[in-house]
Amino acid sequence: MAQKGVQLDQESISCSICLDLLKDPVTVPCGHSYCMTCIKTYWDKEDKKNIYSCPQCRQTFTPRPVLVKNIMFAGLVEQLKKTGLQAAPADHCYAGPEDVACDFCTGRKLQALKSCLVCLVSYCEKHLQPHYDVAQLKRHKLVEPCKKLQDNICSRHDEVMKMFCRTDQQCICYLCSVDKHKGHNTVSAAAERTERQRELEGSRQKIQQRIQDRENDVKVLQQELEAINGSADKAVKDSEKIFTELICLLEKRRSDVKQQIRSQQETEGSRVKELQEKLEQEISELKRKDADLKQLSHTQDHTQFLQNYPSVPGLSEPTDSSSINIRPLFYFEDVTAAVSELRDKLQDILRENWTNISLALTEVDVLLSQPEPKTRAGFLQYSQEITLDPNTAHTCLLLSEGNRKATVMSRQQSYSSHPDRFADYWQVLSKESLTGRCYWEVEWSGTGVNVAVTYKNISRAGTSNKCGFGHNDKSWALYCRQDNYNFWHNSIKTPVSGPQSSRVGVYLDHRAGILSFYSVSETMTLLHRVQTTFTQPLYPLYAGLWLGYWRDVGSSAEFCKVT
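Residues numbered from 1 in each chain as written. Predicted model: local features only at pLDDT ≥ 70, side-chain atom pairs only at ≥ 80, totals over all residues. Heavy atoms only, no water.

S.K.: Give me the lowdown on the overall build of the chain, citing residues and values where you can.
M.R.: A count of helical and extended segments in the chain gives ten helices and 23 strands. Taking all 563 residues of the chain together, the buried fraction comes to 30%. Carbon and sulfur atoms form 53% of the exposed surface of the chain, whose accessible area is close to 36800 Å². (Helix = DSSP H or I, 4+ residues; strand = E, 2+ residues; numbered from the N terminus. Buried < 20%, exposed > 50% of the residue type's maximum accessible area, 1.4 Å probe, protein only. Areas by Shrake-Rupley, 256 points an atom, 1.4 Å probe, with all protein chains shown as cover.)

So this is what it looks like as structure tokens:
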């Protein structure tokens, strides 16, 4: 029992870092004790932002605690040393299957603390001590425990490989450098390690930077996912509310129509019944009079007949029945026809707007937008064939080349009247809508042209800024002249510099809000790029041309066929 008590005392005054009896014991503020050298070395390695912690309980201290020798523990350690006892190693100090074992230990081996590249032996703390005490052994190179020490021995010369052949990219011993590797580019293993270490650190920095970049991307995607889920939930909720309101509105209108039909049915039925009753009363009266006249007609006595005849009352005014059978028997069929017409119109509206809803859904892109192409070949993969809509063309614009080309004419063209036609500005819109990522090119001649992108609901009549491309918040336009370029949006003019060309390329990424204009010749040169948010996501954009602002008859612009 006494021995067990001594054993407990030994464990209680052992250092949890070196697992040996405390040497110059010190107690940190949390109450745990360590060797002064062990805790100092631990804190020197841990020094990060002036925060230090206890190796056992992980309590942190700021600033670094001042260490003072614990006199009581120092006395206990000295007393145990006098008894000739040593602290028993903890179970986790013995070598396991994955650990490097001490080559000098007999029986159950302890974990190796260091490996010696000169002795080619691994040592536990006890058997390593001579390398700290003996002068000759102090020169040996100690490294972290290594299982494959024999791999450091040259199989040809049985020497430690302390050199590196850069020619053959392999470790060699000194004898190899003057034998098989003579004349090769050889350096010491330490020098090569230094060089490779620099490369390794550079690679690690790149990897860590990439890790940081990818972690940032993950955070962005997580935020994007949360935004998508929130937006989708809100869209479902709002859509359900809107459709419910529409259904309620239709239900109310159905009830109103039913009520009005029944009310009109009751009114008209009452009128018919009233007329019917009058006619039946008149029939009864006429029948009575007819009976009286019949009886009189059968009187045999002429004198009696003549005396009674004047007393026969005359006929009353007949009931007006002129309206009977004049109206065709349709009555409420017109109501059915009107409701059918309403149904057809609603179906047309739903069909047209469903296209817009589908387009809006296809615009939802979870992944980050693809970068803008760098070459014309890259742009052409998004090329879109565009034609002009005759219903939008100003009457002084002639469309040709399959409605791809617009030319300013001196006389008005014989276009039919249409609400989509530009009445005052010499402009025209594309027939095709622009969604997703698309690219097209415009070849122009004459004084100049405005190459535009716009929403379809831009105003069509009047000379105000609401109609002109680039002079409102619904359109963006590059004004191309013979000697300069200008970009316009919402009546704000931005001068643009770049090489003059009769061909302009336009790139649109609807979802990313990118609109770019390029001068196209043998090479492509960026003229102007807009990073914006298209404020009407449910409505597609359209390409547009504005000619004739300068009244230059013969000026033209054509959407090119690009391949």
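Now that the structure is up, let's keep going.
S.K.: So what's going on with the sheet that holds strand S9 (residues 170-172)? Which residues, and what values?
M.R.: Ordered in space as S9-S8-S10, the three strands form an open sheet in which the pairing is antiparallel. In the strand order of this sheet, the two ends are held by S9 and strand S10 (186-188), each with one partner. The mean angle between the axes of side-by-side strands here comes to 35 degrees, regardless of whether they run parallel or antiparallel. Note that strand S8 (residues 163-165) and S10 share three bridges and pair antiparallel. Bridge pairing in S10 links Met163 to Ser188. The strands that helix H7 (residues 189-297) touches are S8 and S10; relative to S10, the one it contacts most, it runs at about 90 degrees. (Pairing = 2+ DSSP bridges. Axes fitted to C-alpha atoms, helices over the stretch in contact; angles between N-to-C directions. Contact = heavy atoms within 4.5 Å.)

S.K.: Lay out the pairing of strand S19 (residues 503-509) with the relevant residues and their values.
M.R.: Among the seven residues that make up S19, six are buried, leaving the element largely enclosed by the rest of the structure. One ladder, built from seven bridges, connects strand S14 (residues 437-445) with S19; its direction is antiparallel. In the strand pairing of S19, Glu441 is matched with Gly505. The pairing of S19 with strand S20 (residues 514-520) spans six bridges and is antiparallel.

S.K.: Break down the packing of aromatic side chains for me, with residues and values.
M.R.: Between two aromatic rings, the relevant description is the distance of the centres plus the angle of the planes. On inspection of all chains with the given rule, the structure shows 14 aromatic pairs. On the basis of an interplanar angle of 75 degrees and a centroid distance of 5.4 Å, the ring pair of Phe379 and Tyr507 is categorised as edge-to-face. Remark: Tyr507 occurs in strand S19 and Phe379 occurs in helix H10 (residues 376-380); sequence separation between them is 128 residues. Per residue, the accessibility class of Phe379 equals that of Tyr507, and both read buried. Here the aromatic residues Phe379, Tyr382, Tyr439, Tyr507 and Tyr518 are joined through ring pairs into a cluster of three or more. (Phe/Tyr/Trp six-rings, centres within 6.5 Å; stacked < 30°, edge-to-face > 60°.)

S.K.: I'd like a rundown of helix H2 (residues 36-46), residues and numbers included.
M.R.: Taken together, the buried positions of H2 are Met36, Cys38, Ile39, Trp43 and Glu46. Looking straight down H2, one finds its buried side chains confined to an arc of 165 degrees; they lie on one side. More than 90 degrees from the buried face of H2, the exposed residues found are Thr37, Asp44 and Lys45. If you follow the buried residues of H2, they end up packed against strand S1 (25-27), strand S2 (33-35), strand S3 (52-53) and strand S4 (60-61). (Arc of directions from axis to C-beta.)

S.K.: Please set out H7 residue by residue, giving values where relevant.
M.R.: For H7, which comprises 109 residues, the first-to-last C-alpha distance of 154 Å matches the rise-based estimate of 162 Å (1.5 Å per residue) to within 8%. Listed in full, the buried residues belonging to H7 are Glu192, Glu282, Lys289 and Leu296. As for H7, its buried residues are in contact with S8, S10 and helix H8 (302-308). (Expected span 1.5 Å × (residues − 1).)

S.K.: Explain the environment of Gln500 to me, using residue names and the numbers behind them.
M.R.: Mapped onto the secondary structure, Gln500 falls in the loop between strand S18 (492-496) and S19. Take Gln500: its relative accessible area is 38%, and that puts it in the partly exposed class. Spatially, the C-alpha atoms of Gln500 and Ser519 are 7.0 Å apart, while their sequence positions differ by 19 residues. If we skip the residues at most four places from it in the chain, Gln500 touches Arg481, Gln482, Asp483, Asn484, Tyr485 and Ser519.

S.K.: Can you break down the nonpolar core residue by residue, with the values?
M.R.: Counting 39 residues, the largest nonpolar core has Trp440, Leu478 and Leu545 as the members making the most contacts within it. Here Leu478 is in contact with Val449, Asn450, Val451, Tyr485, Asn486, Phe487, Val496, Val504, Phe517 and Leu527, once residues within four sequence places are set aside. Counting residues in hydrophobic clusters, the runner-up holds 20 residues, among them Cys15, Val26, Met36 and Phe61. (Core = buried A, V, L, I, M, F, W, Y, C linked by side-chain atoms within 4.5 Å.)

S.K.: Break down the UniProt feature "coiled-coil region" (unreviewed entry) in the chain for me, citing the residues and quoting the values.
M.R.: Mapped onto this numbering, the UniProt entry annotates "coiled-coil region" (unreviewed entry) at residues 197-231 and 269-299. Here residues 197-231 is 100% helix and 0% strand, with 49 Å between the C-alpha atoms at its ends. Here residues 269-299 is 94% helix and 0% strand, with 45 Å between the C-alpha atoms at its ends. (UniProt positions renumbered as here; feature names shortened; annotations may be inferred.)

S.K.: Pulling in residues and values, what's your account of the side chain of Asn472?
M.R.: Within the fold, Asn472 resides in the loop between strand S15 (448-455) and strand S16 (475-481). Separated by 3.1 Å, the side chain of Asn472 and the backbone nitrogen of Lys474 make a polar contact. (Polar contact = N/O pair within 3.5 Å; in protein donor to acceptor, adjacent residues only side chain to side chain.)

S.K.: A description of the sheet that holds strand S7 (residues 142-143) should follow, citing residues and the corresponding values.
M.R.: Read across the open sheet, the three strands follow the order S6-S5-S7; overall the sheet is antiparallel. A strand with exactly one partner marks an edge of an open sheet, and here the two such strands are strand S6 (121-123) and S7. Most of the contacts of helix H4 (residues 125-133) go to S6, to which it runs at about 110 degrees, and overall it touches strand S5 (114-116), S6 and S7.

S.K.: Can you explain unusual backbone geometry? Please cite residues and give values.
M.R.: Across the junction of Thr62 and Pro63, the peptide omega takes the value 0 degrees, indicating a cis bond. Along the chain, Pro63 falls in the loop between S4 and helix H3 (71-82). One non-glycine residue with positive phi stands out, namely Gln169, at about 55 degrees. Its place among the elements puts Gln169 in the loop between S8 and S9.

S.K.: Before we move on, can you summarise the environment of Glu372 with the specific residues and values?
M.R.: Positionally, Glu372 belongs in the loop between helix H9 (333-362) and H10. Of the residues examined, Glu372 reaches a relative accessible area of 11% and is grouped as buried. Sequence-wise, Glu372 and Tyr507 are 135 residues apart; in three dimensions their C-alpha atoms are separated by 8.6 Å. Leave out the neighbours within four places in its chain, and Glu372 touches Phe379, Tyr507, Ile514, Ser516, Tyr518 and Arg529. Side chain to side chain, Glu372 and Ser516 meet in a polar contact 3.1 Å long. There is a polar contact of 2.9 Å between the side chain of Glu372 and the side chain of Arg529.

S.K.: Kindly report on the pattern of salt bridges, identifying the contributing residues and their values.
M.R.: Per the stated rule, a full pass over the model turns up 23 salt bridges. In this structure, Arg156 engages Asp179 in a salt bridge whose closest nitrogen and oxygen atoms are separated by 3.4 Å. Separated by 23 residues along the polypeptide, Arg156 in the loop between S7 and S8 and Asp179 in the loop between helix H6 (174-177) and S10 bring together distant segments of the chain. Look at Arg156 and you get exposed, because its relative accessible area is 54%. By relative accessible area, which is 38% here, Asp179 ends up partly exposed. Residue Asp344 pairs with Arg343 through a salt bridge whose shortest N-O separation is 3.4 Å. (Salt bridge = Lys/Arg side-chain N within 4 Å of Asp/Glu carboxyl O.)

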